[in-house]
Amino acid sequence: MTPIRIAVVGAGPAGIYAADILKKATDRDVRIDLFEALPAPYGLVRYGVAPDHPRIKAIVNALREVLEAGVVRLFGNVRFGTDIWLDDLKRRYHAVIFATGATKDAPLQIEGVDLEGSFGAAEFVSWYDGHPDVSREWPLEAEQIAVLGNGNVALDVARVLAKHPEDLRPTEIPDNVLTSLEASPVTDVHVFGRRGPLGVKFTPLELRELGQLNDVDMILYDEDFDVDTDEEELKKNKQILVISRVLNQWRERKTGEASRRLHLHFWSRPVAITGDGKVESLRIERTRPTEDGGIEGTGEYRDLPMQAVYRAIGYYSSPLDQVPFDEVHGVVPNEGGRVVDRGERVPGLYATGWIKRGPVGLIGHTKSDAKETIENLLADEDTWWRPEDPREASIIELLQERGIDYTDVEGWIRLDAHERSLGNLQGRERIKVVPRDEMIAVSRGE
Ligand code: NAP
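Just so you know, these numbers come straight off a predicted model, no measurement behind them.

1. Section: the nonpolar core
Okay, step 1: In terms of nonpolar packing, the biggest core is built from 55 residues, with Val-147, Leu-207, Leu-262, Leu-264 and Tyr-310 touching the most fellow members.
Okay, step 2: Among the elements that make up this core, the one with the highest residue count is helix H7 (residues 152–162) (seven residues).
Okay, step 3: With near-sequence residues (within four places) excluded, Leu-207 lies in contact with Leu-155, Phe-202, Ile-243, Val-246, Leu-247, Trp-250 and Leu-264.
Okay, step 4: Counting residues in hydrophobic clusters, the runner-up holds 43 residues, among them Ile-16, Val-45, Val-409 and Leu-415.

Listed below in structure tokens is the structure:
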């Protein structure tokens, strides 16, 4: 039987899990090629998880096993829609799975959002994680900083901004980031949630971590806890129950001695950022709960002096060339991972991970997502593409013809070892290579 050839676009956890699950789901000879726009794999695990979260970064070990098992061929530094197109894949594969995730910031349409000093969290995260495509410079000039949103990204951003840099030094944080953080004059980081303390999206572990920061006081405001709590409802949600306990413990803590403060504000929705050319203050409207579990504005506005605002209100996916895109939800429209266009299935096209279901859920959730997509893909053999040139070498010839310096699994092993050895010299686990051309050169052994 001729092998089944599947292309996966995106080598983050979603793409790598999909490849692994596909290989294990059938006895047939499946050949999987994994295309990745960056020279290194692992997507948001490498470029989204905060450097002081080594526990989550350890997911890399499982992903690495898949790459090294010879299950897939990796083609890094190859961008879909720039270096290769859908027609190239149709000629060579039976189907493609898009696993390109969500790496941009969701838009926030409020006055002043484009002022200097107003930043998207996704970009800041890319900066502190050493993403090769963002500027290496980051202006950290504010003493008072607002972080908008009550998800785990908001907590990551607030923590990195408030934490004393010496406590980040042992991590794999890039040197230039550490140097900038060392010069930051920040004294107060304010996190704003538009719902109440029980309507947060962050998780207990990530919240608790804030309370353990060295020389940083947690500041809470009694007015945010005035709303009556339905104790029975609260008991039904373990995570929220724990969060409620942690927040209430912090309310009792003695504060006032730390040199930095991290404030958690609830019932506060951002309505405008104001300033003369650059951020000078944030205007919030106080909110209150509605009968149906939502929130509404109270008409009470407050202007709070801030010199920087970070928007951590969710991620958003990028559209893919010649692939349907749902602008409202920021996903590729699909039914169980089968891509659909105005209700009609598009043969050969599949999606998994955040591009499939939106930017929610932890990394592990991506596995069940991939399982569904793979089951559907395998059931669809009748509608797969019929590749004209299914030779193994065909894609390599194409990339060479186009002069694309692609990287592969061996290259990644080389870059990984190089980064670890750089880290070793300073007693750190790893020092990331940041410039794209240097990543490529090390990977390709040049
Ligand atoms: P998220 O969990 O969806 O949180 C987004 C937050 O932004 C919510 O509090 C939301 O409030 C708020 N928001 C949305 N639109 C807003 C607006 N117009 N004005 C004010 N607030 C607004 O998204 P995320 O933080 O980007 O995280 C994405 C996923 O990655 C999550 O599943 C998260 O758990 C995961 N993640 C995990 C970790 C970790 O495990 N350590 C770290 C980072 C990310 P509403 O609830 O009112 O909509």
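2. A short note on the sheet that holds strand S13 (residues 295–305)
Okay, step 1: Strand order in the open sheet made by the three strands is S11-S12-S13, with antiparallel pairing throughout. Either end of the sheet is taken by a strand with one partner, and the two such strands are strand S11 (268–274) and S13. For this sheet the average axis-to-axis angle between neighbouring strands, irrespective of direction, equals 25°.
Okay, step 2: Sheet analysis places strand S12 (residues 281–289) next to S13, joined by eight bridges and oriented antiparallel. Looking across to S13, one finds that Leu-282 is bridged to Leu-304.

3. A short note on the site of the ligand
Okay, step 1: Asn-152, Arg-194, Arg-195, Lys-201 and Gly-361 are the nearest of the 23 residues found near the ligand.
Okay, step 2: In the model, an oxygen atom of the ligand is placed 2.6 Å from a nitrogen or oxygen of the Arg-195 side chain.
Okay, step 3: Residue Gly-361 places a main-chain N or O atom 2.8 Å away from an oxygen atom belonging to the ligand.
Okay, step 4: For the ligand, whose unbound accessible area comes to 920 Å², protein coverage reaches 82%.
Okay, step 5: Among the elements that line the shell around the ligand, the one with the most residues is H7, at three residues.
Okay, step 6: Of the residues that constitute the shell around the ligand, the class distribution is 11 nonpolar, seven polar and five charged.

4. A look at the packing of aromatic side chains
Okay, step 1: In total, this model carries 16 aromatic pairs according to the counting rule given.
Okay, step 2: Relative to Trp-354, the ring of Tyr-315 has its centre 5.7 Å away and its plane inclined at 40°; by these criteria the two rings are tilted. Note that Tyr-315 is positioned in strand S15 (residues 315–316) and Trp-354 in helix H12 (residues 354–357), a separation of 39 residues in sequence.
Okay, step 3: Exposure remark for Tyr-315: the relative accessible area of 11% places this residue in the buried category.
Okay, step 4: Ring geometry for Tyr-316 versus Phe-325: centroids 6.2 Å apart, planes at 80°, classification edge-to-face. As far as the burial class goes, Tyr-316 and Phe-325 line up, both buried.
Okay, step 5: One aromatic cluster is present, formed by Phe-119, Phe-124, Trp-127, Tyr-128, Trp-138 and Tyr-310 through successive ring pairs.
Okay, step 6: Lying across the ring of Tyr-406, Arg-444 places its NZ or CZ 5.9 Å from the centre.

5. As for helix H4 (residues 59–68)
Okay, step 1: Considered for burial, the residues of H4 that qualify are Val-60, Leu-63, Val-66 and Leu-67. Within H4, the buried residues cover an arc of 120° as seen down the axis, which keeps them to one side.
Okay, step 2: Its buried side turned inward, H4 meets helix H1 (13–25), strand S2 (30–35), helix H2 (43–47), helix H3 (54–57), strand S3 (72–75) and helix H15 (409–425).
Okay, step 3: Directly after H4, the chain includes Gly-70, whose backbone phi takes a positive value near 75°.

6. A closer look at the packing of helix H9 (residues 204–211) against helix H11 (residues 238–252)
Okay, step 1: The contact between H9 and H11 brings their axes to 9 Å, and the two run at 10°. For the element pair H9 / H11, the angle class is roughly parallel. Contacts between H9 and H11 involve Pro-204, Leu-207, Arg-208, Leu-210 and Gly-211 on the former and, on the latter, Gln-239, Val-242, Ile-243, Val-246, Leu-247 and Trp-250.
Okay, step 2: For the contact of H9 with H11, a count of residues per class yields eight nonpolar, two polar and one charged.

7. Observations regarding the pattern of salt bridges
Okay, step 1: Taken as a whole and judged by the stated rule, the model has 47 salt bridges.
Okay, step 2: Note that Glu-182 is salt-bridged to Arg-169, the shortest N-O span being 2.6 Å. Taken together, the residues Glu-182 in helix H8 (residues 175–182) and Arg-169 in the loop between H7 and H8 connect sequence positions 13 residues apart.
Okay, step 3: On the accessibility criterion, Glu-182 (42% relative accessible area) is partly exposed.
Okay, step 4: A residue is classified by how much of its surface remains accessible, and Arg-169, at 41% relative accessible area, is partly exposed.
Okay, step 5: Close ionic contact of Arg-430 with Glu-172 constitutes a salt bridge, the shortest N to O distance being 3.6 Å. Residue Arg-430 is found in the loop between H15 and helix H16 (436–443), and its partner Glu-172 is found in the loop between H7 and H8; the two are separated by 258 residues along the sequence.
Okay, step 6: Among the ionic contacts, a cluster of salt bridges with common partners joins Arg-46, Arg-64, Glu-68, Asp-129, Glu-172, Asp-416, Glu-419, Arg-420, Arg-430 and Lys-432.

8. Here's the deal with the UniProt feature "binding site: NADP(+)" (unreviewed entry) in the protein chain
Okay, step 1: Sites flagged by UniProt as "binding site: NADP(+)" (unreviewed entry) map to Asn-150, Gly-151, Asn-152, Val-153, Arg-194, Arg-195, Glu-206 and Gly-361.
Okay, step 2: Val-153 gets classed as partly exposed once you look at its relative accessible area, which sits at 23%.
Okay, step 3: If sequence neighbours within four positions are ignored, Val-153 has contacts with Ala-121, Ala-312 and Tyr-315.
Okay, step 4: As for its position among the elements, Arg-195 is in the loop between strand S8 (188–192) and H9.
Okay, step 5: Arg-195 sits in the partly exposed class, given a relative accessible area of 31%.
Okay, step 6: Setting aside residues up to four positions removed in sequence, Arg-195 forms contacts with Phe-266, Trp-267, Gly-293, Gly-294 and Ile-295.

Definitions and limits used
Each chain has its residues counted from 1, running along the sequence as written. Local features are withheld for residues below a pLDDT of 70 in this predicted model, meaning they are given only at 70 or higher, and side-chain atom pairs are given and counted only at 80 or more; totals for whole chains, interfaces and linings count all residues. Side-chain numbers here rest on the full set of heavy atoms in the structure, without hydrogens or water. For the purposes of this section, nonpolar cores are sets of buried Ala, Val, Leu, Ile, Met, Phe, Trp, Tyr and Cys residues that join through side-chain atoms within 4.5 Å. Remark: exposure states derive from per-residue accessible area (1.4 Å probe, protein chains only) relative to the maximum for the residue type, with buried under 20%, exposed over 50%, and partly exposed in between. Helix numbers and strand numbers start at the N terminus; a helix is a DSSP run of H or I with at least 4 residues, a strand a run of E with at least 2. Two residues form a contact once any of their heavy atoms are found within 4.5 Å. A pair of strands counts as paired when DSSP detects no fewer than two bridges linking them. In this analysis, axes come from line fits to C-alpha atoms, helices being fitted only over the stretch in contact, and the angle between any two N-to-C directions falls in the range 0 to 180 degrees. Near residues are defined by distance, with any heavy atom within 4 Å of the molecule or strand qualifying the residue. Throughout this description, a polar contact denotes any pair of N or O atoms lying within 3.5 Å of each other; where both atoms belong to protein, one of them has to be capable of donating a hydrogen while the other can accept it, and for residues adjacent in sequence the pair is counted only when both atoms sit in side chains. Accessibility throughout is a Shrake-Rupley quantity obtained with a 1.4 Å probe, and a residue counts as covered only by protein chains that appear here. When residues are sorted by character, Ala, Val, Leu, Ile, Met, Phe, Trp, Tyr, Cys and Pro go into the nonpolar class, Asp, Glu, Lys and Arg into the charged class, and all the rest, Gly among them, into the polar class. Ring pairs are drawn from Phe, Tyr and Trp, using the six-membered ring of Trp, whenever the two centres fall within 6.5 Å, and their geometry is named by plane angle: stacked under 30 degrees, edge-to-face over 60, tilted for the rest. Lysine NZ or arginine CZ positioned within 6 Å of the ring centre and within 35 degrees of the ring normal marks a charge as sitting over the ring. The reported arc concerns the directions from the helix axis to the C-beta atoms and nothing else. Should an angle fall under 35 degrees it is called roughly parallel, over 145 degrees roughly antiparallel, and 65 to 115 degrees roughly perpendicular, with every other angle called oblique. For this analysis, a salt bridge means a side-chain nitrogen from Lys or Arg found within 4 Å of a carboxyl oxygen belonging to Asp or Glu. UniProt positions are given in the numbering used here, feature names are shortened, and annotations may be inferred rather than shown by experiment.

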